[in-house]
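Structural features, examined
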Amino acid sequence: MTQSYAQSLTVEEIEANAYAVYKRLRDEEPVAFVPVLNSWLVTKWDDVTRVTTETETFTAVDKEAPVVRHFGDPAIIHVDGAVHRELRKGIAPHYAAQKVADYIDRIVRPIARDCIAAFPEDGKVDLLADYFEPISALTLARTFGVMDADVETLRRWFHGLAMGAINFSRDPDLRRYESRD
C-alpha cells in the first residue's frame, strides 16, 4: 500500500521547506493526519475557520503535543472553553491593538537603536543573532514587565522553549533544551 504525501513526511522535510509542504498539502490533502507530527494539519482557510469556530465538533486538546509536554498542562493552544478564556486573560491585555501600536515607539525602536549602536565598526554582523533575536526577545520580555533579563538569558530561554515546543519526534538531542531554568 502506498503512503500518502502526509503520511510520508519527515520532520526534516517540513523544517527544510515548510511553505512548499503546506502548499502541496493544500493542493493534495488539505486536511491530513501527519504521523511524524502526531497531528492533523488543516491547510485551507475555510477549513481552518471551520475547525477554529465549531468548538462543539473540534477540539484543541492534545495532551501529547510537544508544547504540552514542555510547558505543562494546560497549554493555552491546547485547551478549549473556560480554561482557554482564563489563560487568554493573562496575555490578551498585553497585545490589544492600541497597546501593540504603543510598543513600537516606546519599546521596539529603542531596543533596535541599541542593537545597531552595538554593531562593530566594520559593520559585519549576524543579523539574526545580533539584531532580530535581541529585538524579539527583549521586546517580548519588556511587554510582560521583565526588565532586567539580559539578551543571552532571554535567548537561552527562547531557544529552550522553542526546541521543546516543536520536538514532535521526541528527538533526544532536542530534549536537552527542554530543561526549565
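See above for the structure.
The following paragraphs examine the structure supplied in this document. (Residues numbered from 1 in each chain as written. Predicted model: local features only at pLDDT ≥ 70, side-chain atom pairs only at ≥ 80, totals over all residues. Heavy atoms only, no water.)

1. Some points on the packing of helix H8 (residues 127–143) against helix H9 (residues 151–165)
When two helices pack together, their arrangement is given by the angle between their axes and by how far apart the axes lie. Formally: Angles shown run from 0 to 180 degrees and are taken between the N-to-C directions of axes, each axis being a line fitted to C-alpha atoms and, for helices, limited to the stretch in contact. Secondary structure follows DSSP: runs of H or I at least 4 residues long count as helices, runs of E at least 2 residues long count as strands, and numbering of each begins at the N terminus. Orientation categories follow fixed angle ranges, with anything under 35 degrees roughly parallel, anything over 145 roughly antiparallel, 65 to 115 roughly perpendicular, and all other angles oblique. Residue contacts follow a heavy-atom distance rule, with two residues in contact if any of their heavy atoms lie within 4.5 Å. Here the nonpolar group is Ala, Val, Leu, Ile, Met, Phe, Trp, Tyr, Cys and Pro; Asp, Glu, Lys and Arg are the charged ones; every other residue, Gly included, is treated as polar.
Contact geometry of H8 with H9 gives a least axis separation of 9 Å together with a crossing angle of 85 degrees. Classified by the angle their axes make, H8 and H9 are roughly perpendicular. Contacts between H8 and H9 pair Ala129, Glu133, Pro134, Ala137, Leu138, Ala141 and Arg142 from the former with Val151, Leu154, Arg155 and His159 from the latter. Residues that form the contact of H8 with H9 fall into these classes: seven nonpolar, one polar and three charged.

2. Regarding the side chain of Arg155
To keep it simple, the criterion reads: Counted as a polar contact is a pair of N or O atoms within 3.5 Å, where, for protein atoms, one must be capable of donating a hydrogen and the other of accepting one, and residues adjacent in sequence contribute only when both atoms are in side chains.
Structurally, the position occupied by Arg155 is in helix H9. At a separation of 3.0 Å, a polar atom in the side chain of Arg155 contacts the main-chain carbonyl oxygen of Ala129. Apart from residues no more than four positions distant in its own chain, Arg155 is found in contact with Ala129, Glu133 and Pro134.

3. Here's the deal with helix H7 (residues 97–117)
Applicable threshold: Residue count minus one, scaled by 1.5 Å, sets the expected span of a helix. Bending is quantified residue by residue as the angle between axes fitted to the seven-residue window ending at that residue and the seven-residue window starting at it.
A rise of 1.5 Å per residue sets the reference length of H7, with its 21 residues, at 30 Å; its end C-alpha atoms lie 29 Å apart and thus fit the reference within 8%. At Tyr103, H7 shows its largest bend, some 45 degrees.

4. Focus: the pattern of salt bridges
For clarity, the threshold we go by: Think of a salt bridge as a Lys or Arg side-chain nitrogen and an Asp or Glu carboxyl oxygen that are within 4 Å of each other. Categorising residues by exposure relies on relative accessible area from a 1.4 Å probe, with only protein chains included: less than 20% of the type maximum marks a residue as buried, more than 50% marks it as exposed, and the intermediate range marks it as partly exposed.
One pass over the structure, following the stated rule, counts nine salt bridges. One salt bridge connects Arg50 with Glu54, and the closest N-O pair in it is separated by 3.1 Å. Residue classification places Arg50 among the partly exposed residues on the basis of a relative accessible area of 44%. Glu54 sits in the partly exposed class, given a relative accessible area of 24%. Ionic pairing is found between Lys63 and Asp73, a salt bridge with its closest N-O pair at 2.5 Å. Placement of Lys63 in the loop between helix H4 (45–53) and helix H5 (66–71) and of Asp73 in the loop between H5 and helix H6 (81–91) is noted, with a sequence separation of 10 residues between them. A single salt-bridge network, built from bridges that share partners, covers Glu133, Glu152 and Arg155.

5. Topic: the side chain of Arg142
With respect to the element layout, Arg142 can be found in helix H8. Here Arg142 is in contact with Ile107, Ile111, Met147, Ala149 and Leu154, once residues within four sequence places are set aside.

6. Quick look at unusual backbone geometry
A cis amide bond links Asp73 with the next residue in sequence, Pro74, at an omega value of 10 degrees. Not every positive phi belongs to a glycine, and Asn38 is a case in point at roughly 50 degrees. With respect to the helices and strands, Asn38 occurs in the loop between strand S1 (31–34) and strand S2 (39–42). With relative accessibility at 42%, the residue Asn38 sits in the partly exposed group.

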